[in-house]
Amino acid sequence: MRQGTTVGGRYQLVKCLVSSTTTEVWLALELPLNRKVVLKRLLADGAESSRLLAEARALASFNHPHVVTLYGTEGDWLVMEHVAHGSLADRLDMSPRQAAHVGTQIAGALAALHAKGIVHLDVKPANIVDTGDGDVKLADFGAAYRVGDRDTLTVNGAISYTVAYAAPEIVLGQPDPKSDVFSLGATLYALVAGRPPGRGAADGESDADVTAWEAAWAEVELTADVGPLDGLLREMLRRDPRERPGIGQVQARLAEIAGLSPAGEAVPPRAEAIPAGAAGARWRALAFLRRRWPLALVMAGAASAAVAVPIVLSTLRDQPVDERLSASTPGSSQASASPASPVIGDPRTADPCALLSPTALGRFGRTELDIDYGNFERCDVILFPPGGGVVDVQAAFAREEPPELAKLKTVGKVSVVEHPAESRSCDRTIVLPGVADTVVYVDTEWEEPGKADLCEIGDAATAVAAKVLSQGPLARRSPPLPANSLAHKDACTLLSAKALEVVPGIDATDPGIEFGHWECSWRSTTSKTYVRLRFDRGQRPNAEDDGTVTMLNGYRAFVQPKEDNEWSCLVQVVYRAYTDQDGRTAVETVRVVVEGSRPMRQKCQMATGLARSATTRLRGP
């Protein structure tokens, strides 16, 4: 083909991007729409040409912000989205944090792929393209492989891959979803180190020239300084796929390294060490582990994008580990419950959804009310703006002293704190008159990046919440939560002083109590060790993503080191199943976290022991 040629009477070829004996890729202009697109076709016949069809089938099933969009086909050409700033193949000089930002987004794309039973098989810098606005997208699905029924998307079992980034099992012809975890790990290493991981290459031999035998059998060698990525990459690059973390875990940990926590794309945010004072309460309120159903079930395969957090959190992450842990000390101001606010009333029956109005937000796009997105103190409206993307508008109660900020905006009988807008969030805090220990957060965040004014949306939602709170008292839940719900239990009473003795020096007399008594925390007075127990709702945990399965007094539980962060061990106890508003099975869970500087094995033993003690009281009043 030549420059200027028109394909199908619609696409004018502008520039040849790739020309080989098998593949032809052109930048083209779609004349009716005056937009740039990419045209791709394979020149070979037979088996090779089926790769193009494989790519079309894989891309056609996806609509994801971090996957290159397939617009359609024109004869033997694929017509795809043009991503202006090229691939990352020549940008192998990133900082660990920049690479983690890239990895968070690509992990979200892979999570959505895996949810549909598809393994990409060829994740590498050359297959990640830059949109130019801080986002990246995964491209080239010619190697995509269907798992489960083991039918390939390529031809009759043939597997295409790039040796330097391929997992051992790919080379051996046994692809697995965790093969993409390996390849993503090798990619992130290359983005920082400037080269893919070594595979026992001989002196003077390039790591990129690794042989298939070395890729299949040699040990991976990480010799470059990749900073905070080091531990995670070593796990991702383990030879046995069963020993690698799941893509959800990878996404969450990369989000934290990137400074994007507490959220990751198809996976909930991980809580970090809790800072003291009002900032700590704000952090705890934002650090709900968001067990929402994957957005793939809402948006035909889409998974939620990483969300930015207030500046105070990024400042906290830059502190040394010991300083962060020492900041995690619930104060005595949290220890005793105070009388309920006359506006909010009994926290266990107050309806946070009364603070939100999907109708009022309807001018910004299609809305869906989600009544059980996370813990009991919150309610969400999911908004789909006409400009694309998905916005989560959340109203949540928090047990916190009102912020001491001079700039308060009076709305009705309440005051509103307007926090500085972030690139992917805009947050407001509502202060209730005469209430010293409870505030209401209205947080507006991108779940899927798009085009909308988050603060305009957030202000509209805040106006509704402020009006409702000014009128008071708040409506009660209707129907009420069932009598067997964790909402009617007190997290602090599930662990007695004797049970807490498994943690040396724990102060059982001074717990940190959160709103509704649905979360409680304790600290050791003799070491930097902290315990949190809180309730949660959402998707049923599974062994692949949520750790080792065990039984505790008849309850199914999952033990997961480093789930919350690098210094913690989580035990998640499944308390009861229920049917959510969409007719799906959801669960309520008790989450016990032990965090600190002790050995991980010891922390997991403590967390398991505490969870076992908590289960003995779950059936009680």
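The paragraphs below set out a description of the structure included in this document. (Residues numbered from 1 in each chain as written. Predicted model: local features only at pLDDT ≥ 70, side-chain atom pairs only at ≥ 80, totals over all residues. Heavy atoms only, no water.)

### Regarding the nonpolar core
As a reminder of what qualifies: Only buried residues count toward a nonpolar core, which is a set of Ala, Val, Leu, Ile, Met, Phe, Trp, Tyr and Cys residues joined through side-chain atoms within 4.5 Å. Under the scheme applied here, a residue whose accessible area is under 20% of the maximum for its type counts as buried, over 50% as exposed, and between as partly exposed, the area being computed with a 1.4 Å probe on protein chains only. Here a helix means four or more residues in a row that DSSP labels H or I, a strand means two or more in a row labelled E, and each is numbered from the N terminus.
In terms of nonpolar packing, the biggest core is built from 71 residues, with Val393, Ile430, Leu495, Val531, Leu533, Phe535 and Val573 touching the most fellow members. Considering every element that reaches this core, the biggest residue donor is helix H11 (residues 454-471), with 8 residues. Counting 52 residues, the second largest nonpolar core, distinct from the first, contains Ala99, Ala109, Val192 and Leu237.

### Some words on the state of the cysteines
Short version of the rule: The disulfide criterion used throughout: a pair of cysteine sulfur atoms within 2.5 Å.
Going through the model one piece at a time under the given rule, you end up with 4 disulfides. Through a disulfide, Cys353 is tied to Cys379; the S-S separation comes to 2.0 Å. Measuring handedness by torsion sign, the sulfur bridge of Cys353 and Cys379 sits at about 95 degrees and is right-handed. Remark: Cys379 occurs in strand S12 (residues 378-384) and Cys353 occurs in the loop between helix H10 (321-327) and strand S11 (366-370); sequence separation between them is 26 residues.

### Things to note about helix H7 (residues 247-258)
Put simply, the rule is: Take the residue count of a helix, subtract one, and multiply by 1.5 Å to get its expected span.
For H7, built from 12 residues, the straight-helix expectation of 16 Å at 1.5 Å per residue is met to within 8% by its first-to-last C-alpha distance of 16 Å. Along H7, 12 of the 12 residues are buried, which leaves the element largely enclosed by surrounding structure. Turning to H7, its buried residues number three or more, namely Ile247, Gly248, Gln249, Val250, Gln251, Ala252, Arg253, Leu254, Ala255, Glu256, Ile257 and Ala258. The positive-phi residue at the C-terminal boundary of H7 is Gly259, with phi of around 85 degrees.

### Focus on the pattern of salt bridges
This is how it is decided: Salt bridge, as used here, is a side-chain nitrogen of Lys or Arg placed within 4 Å of a carboxyl oxygen of Asp or Glu.
On inspection of all chains with the given rule, the structure shows 24 salt bridges. In this structure, the salt-bridge partner of Lys137 is Glu81, at a minimum N-O distance of 2.8 Å. On the criterion of sequence distance, the pair formed by Lys137 in strand S9 (residues 136-138) and Glu81 in strand S6 (residues 77-81) is long-range, its members being 56 residues apart.

### Regarding the sheet that holds strand S24 (residues 585-596)
For clarity, the threshold we go by: DSSP bridges decide pairing: two strands pair if at least two such bridges lie between them. The contact definition used throughout considers only heavy atoms, calling two residues in contact when any of these lie within 4.5 Å. The convention used is that axes are lines fitted to C-alpha atoms, helices contributing only their stretch in contact, and that angles between N-to-C directions extend from 0 to 180 degrees.
The 7 strands are arranged S18-S19-S20-S24-S23-S22-S21 in an open sheet whose pairing can be described as antiparallel. Bordering the open sheet on either side are strand S18 (512-513) and strand S21 (548-552), each of which pairs with just one other strand. With 11 bridges joining them, strand S23 (residues 568-579) and S24 adopt antiparallel strand pairing. In the sheet register, Ala577 faces S24, and the bridge partner there is Val587. Those strands touched by helix H14 (residues 600-618) are strand S20 (529-538), S21, strand S22 (555-561), S23 and S24, and its axis lies near 30 degrees from that of S23.

### A word on the packing of aromatic side chains
To keep things clear, this is the line we draw: Centres within 6.5 Å make a pair out of two Phe, Tyr or Trp rings, where for Trp the six-membered ring is used; the pair is then stacked when the planes are under 30 degrees apart, edge-to-face when over 60, and tilted otherwise. Placement of a positive charge over a ring is assigned whenever Lys NZ or Arg CZ falls within 6 Å of the ring centre and within 35 degrees of the normal to the ring plane.
Considering all chains together, one arrives at 4 aromatic pairs under this definition. Three or more aromatic residues link up through ring pairs in this structure, and these residues are Phe376, Phe397, Phe515 and Trp518. Arg366 extends its terminal NZ or CZ atom over the ring of Phe384, reaching a point 4.1 Å from the ring centre.

### Details of the sheet that holds strand S13 (residues 390-399)
Taken together, 7 strands build an open sheet; the order of strands is S11-S12-S13-S17-S16-S15-S14 and the sheet is antiparallel. Since the sheet does not close on itself, it has two edges, and those belong to S11 and strand S14 (409-411), each with one partner. Averaged over neighbouring strand pairs, the angle between their axes works out to 25 degrees when direction is ignored. Where S12 and S13 come together, 6 bridges link them in antiparallel fashion. Within S13, the residue paired with Val381 across the bridge is Val393. Contacts between H11 and the sheet are confined to S12, S13, S14, strand S15 (414-418), strand S16 (425-431) and strand S17 (438-448), with S16 contributing the most and set at about 15 degrees to the helix.

### Focus: the environment of Tyr189
The residue Tyr189 is located in helix H4 (residues 177-193) in this model. Given a relative accessible area of 0%, Tyr189 falls into the buried group. As for Tyr189 and Leu233, which are separated by 44 residues in sequence, their C-alpha atoms are 7.4 Å apart. In this structure, Tyr189 is in contact with Gly194, Arg195, Pro196, Pro197, Glu221, Leu222, Thr223, Ala224, Val226 and Leu233, ignoring residues within four places of it in sequence.

### Some points on H11
Just so we agree on the cut-off: Definition of a polar contact: a pair of N or O atoms within 3.5 Å, with one able to donate and the other able to accept a hydrogen when the atoms are protein atoms, and with sequence-neighbouring residues admitted only if both atoms are side-chain atoms.
Taking 1.5 Å of rise per residue, 18 residues should cover 26 Å, and H11 covers 26 Å from first to last C-alpha, within 8% of that figure. Within the span of H11, buried status applies to Leu454, Cys455, Ile457, Gly458, Ala460, Ala461, Thr462, Ala465, Ala466, Leu469 and Ser470. On its buried face, H11 sits against S12, S13, S14, S15, S16 and S17. Its side-chain oxygen at 3.1 Å from the backbone nitrogen of Cys455, Asp453 defines the N-terminal cap of H11. Positive backbone phi, at 40 degrees, marks Gly472, one or two positions downstream of H11.

### Here's the deal with the packing of helix H2 (residues 96-115) against H7
Axes are the key here: two packed helices are described by the angle between their axes and the distance separating the axes. Defined as follows: Here the word oblique covers every angle except those under 35 degrees (roughly parallel), over 145 (roughly antiparallel) and from 65 to 115 (roughly perpendicular). Two helices cross in a left-handed way if the nearer one is turned anticlockwise from the farther one by less than a right angle. They cross in a right-handed way if the turn is clockwise.
Contact geometry of H2 with H7 gives a least axis separation of 8 Å together with a crossing angle of 155 degrees. Judged by the inter-axis angle, H2 sits roughly antiparallel to H7. For H2 against H7, the interelement crossing comes out left-handed. In this structure, H2 contributes Pro96, Arg97, Ala100, His101, Gly103, Thr104, Ala107, Gly108, Leu110, Ala111 and His114 to the contact, and H7 contributes Ile247, Gln251, Leu254, Ala255, Ile257 and Ala258.

### Concerning the environment of Val414
Looking at the element boundaries, Val414 is found in strand S15. When the C-alpha positions of Val414 and Val431 are compared, they lie 5.9 Å apart, and in sequence the two are 17 residues distant.

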